[in-house]
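Close look at the chain arrangement
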Amino acid sequence: AINVIVMIQKNGIRDTSILGFIVILIFGGLIGGTRGTLFVGALLIGGTFLFGYFESQKILFNQFTFFNSFTDYIIIATLIFLISGLQYLIISRLNKNIMIANEEIQERKKAEEELQQRIIELETVRDFSEIIIAKKNLADLIEETGNHIREAFNASSIFIAIHNPQTNLIHFPYDMDNGIRMPDVPLQYGRGLTSKVMEMKKPLVISENWLHESLKYNAIYRNSKMAKSSIAVPLMIQERAIGVIAIDNTEREHAFSENDMRLLETIAANLAVAIDNARLQESVQQELKIQEKLVNQLEKKNEELERFTYTASHDLKAPLITIRGYLGYIEKDAKAGNYQRLLQDTQRIAEATEKMHRLLNELLELSRVGRVMKKAEEVPFANIVQDALERVENQIQVKQVKIKVNHNFGSVLVDKERMIEVVQNLVDNATKFIGAQTNPEIEIGIEKQENTDVYFVKDNGIGIRKEFHERIFGLFDKLDSDSEGTGIGLALVKRIIEVHGGKIWVESEEGKGSTFYFTLSKSS
């Protein structure tokens with residue numbers, strides 16, 4: 001026992017060496033991981049066997065003990081092997097846990113990024129929905145949408161293209177090139193990349209080699225700087241493409257992600273519905289306006305018809321009453337042999353029949369306007385004025401009216417005879433109401449108003465009070481019941497002008513003369 005104790009005490013340096021081996025092994029694992037553990041462990045085991053072999057062969061001598069047993073080294077090597085294995089397993093497990101934790105962190109980070117991106121997308125869609133709700137006008141809707149997309153995607157250039165099926169043209173109501181607003185230059189459908197995207201009915205993403213790739217789709221380069229990446233998304237209504245939204249980035253390739261394409265598709269789908277609804281609303285509004293205009297015209301025609309029925313029956317009845325009354329006088333005067341009175345009676349009857357004849361002719365003429373028209377011909381307006389003045393030459397001479405005619409008239413495409421009636425009636429009307437002027441004058445001319453040719457007949461007669469400016473164009477509306485005429489003349493003029501696509505109005509003050517203005521359509 002004493003010898004064993006002494007041996008252990010004298011073998012203490014070997015225990016210390018074993019402890020040192022373990023410390024070295026641990027540091028090797030900490031520094032080199034699993035590979036460091038295997039390398040240092042193998043090195044220590046190899047060294048232990050080497051020293052054991054040298055001592056057993058008495059190549060080396062252990063000065064601390066007299067017992068040089070190889071078994072001790074086997075035990076030490078086994079211990080180092082077991083510790084290395086345990087350390088290897090621990091480090092492997094720790095590495096695996098670290099990798100799993102790192103993967104979880106990366107997945108969580110990716111999920112957070114995707115969530116953040118989704119939040120941004122939802123906010124963008126929400127903002128766009130607010131635009132759709134707020135903007136009723138189609139032009140304002142497209143304008144606000146384009147601005148919003150440009151900011152959301154940080155796009156260098158963007159355009160919104162809309163196809164017009166009536167003209168088969170593609171219009172660009174919103175087109176921004178690097179912050180500069182471009183004019184709407186229509187493009188024939190079938191040409192360019194826009195038409196290709198509409199035909200494909202699916203998004204087109206070009207992330208690199210833009211010039212080479214875009215040539216495959218017949219791209220027409222309109223921007224000042226070549227794109228490096230782009231997205232073009234069709235505006236779809238069910239299975240029908242009505243336009244395209246396209247965004248470009250001129251700074252870098254792969255500028256747009258799958259999320260960007262998905263978001264732009266969502267915006268395009270909503271915009272397509274909004275455009276279709278706006279078009280429908282505009283169409284309905286136009287239809288309502290047309291219907292309202294037709295209703296107003298019908299009401300006006302009904303009023304004219306009622307007034308016509310009343311006035312015509314009254315004015316036609318008056319000559320008949322006159323004729324019937326004077327027929328009775330003729331019989332009495334004939335029996336009495338009063339031939340002078342008989343002649344007066346027949347003269348009155350003749351005047352009544354002439355008035356009825358004139359009234360019937362003018363009513364017939366009014367009913368024919370717009371229904372019976374000659375083919376329009378190109379006529380110098382000066383010729384129309386000359387023919388009209390010849391027809392009222394007698395009235396002009398009786399009133400000694402000075403006629404002033406401008407000489408800068410062009411040609412007009414009109415029913416010549418009807419247009420002569422217009423000028424004739426206006427000049428005849430001016431002559432009737434010239435009043436007691438010492439220097440009566442009528443001027444016929446033309447002037448420009450808002451880039452439109454406006455013809456006029458101006459007089460220095462008695463004038464018309466403002467409250468009658470509209471009324472005078474009505475049927476049988478005579479301001480002076482004792483004046484000549486039937487009250488149909490200005491109604492006839494208004495009807496002829498409207499049939500020619502123009503309008504007529506009067507500017508006048510009582511005692512200061514009148515000016516009748518009228519226009520003709522662009523084609524006239």
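Residues numbered from 1 in each chain as written. Predicted model: local features only at pLDDT ≥ 70, side-chain atom pairs only at ≥ 80, totals over all residues. Heavy atoms only, no water.

Now for helix H4 (residues 138–153). Here H4 spans 22 Å end to end across 16 residues, near enough to the 22 Å set by a 1.5 Å rise per residue. Those residues of H4 that fall on the buried side of the exposure criterion are Leu138, Leu141, Ile142, Thr145, Gly146, His148, Ile149 and Phe153. Downstream of H4 by a residue or two, Asn154 has a phi angle that is positive, lying close to 50°. (Helix = DSSP H or I, 4+ residues; strand = E, 2+ residues; numbered from the N terminus. Expected span 1.5 Å × (residues − 1). Buried < 20%, exposed > 50% of the residue type's maximum accessible area, 1.4 Å probe, protein only.)

Take the side chain of Ser229 next. Relative to the assigned elements, Ser229 resides in strand S6 (residues 229–237). Using a relative accessible area of 1% as the deciding quantity, one classes Ser229 as buried. From its side chain, Ser229 meets the backbone nitrogen of Ala255 in a polar contact 3.4 Å long. Setting aside anything within four residues of it in sequence, one finds Ser229 in contact with Ile206, Ser207, Trp210, Ile247, Asp248, Asn249, Arg252, Glu253, His254, Ala255 and Phe256. (Polar contact = N/O pair within 3.5 Å; in protein donor to acceptor, adjacent residues only side chain to side chain. Contact = heavy atoms within 4.5 Å.)

With respect to the helices and strands, the residue Asp387 is situated in helix H9 (residues 381–391). Take Asp387: its relative accessible area is 22%, and that puts it in the partly exposed class. As a C-alpha pair, Asp387 and Val423 span 36 residues in sequence and 9.1 Å in three-dimensional space. The contact partners of Asp387, leaving out residues within four places of it in the chain, are Lys416 and Ile420.

Although it is not a glycine, Asn154 sits at a positive phi angle of roughly 50°. Mapped onto the secondary structure, Asn154 falls in the loop between H4 and strand S1 (157–164). The residue Asn218 is not glycine, and still its phi comes out positive at about 55°. Here Asn218 shows up in the loop between helix H6 (210–215) and S6. Given a relative accessible area of 43%, Asn218 falls into the partly exposed group.

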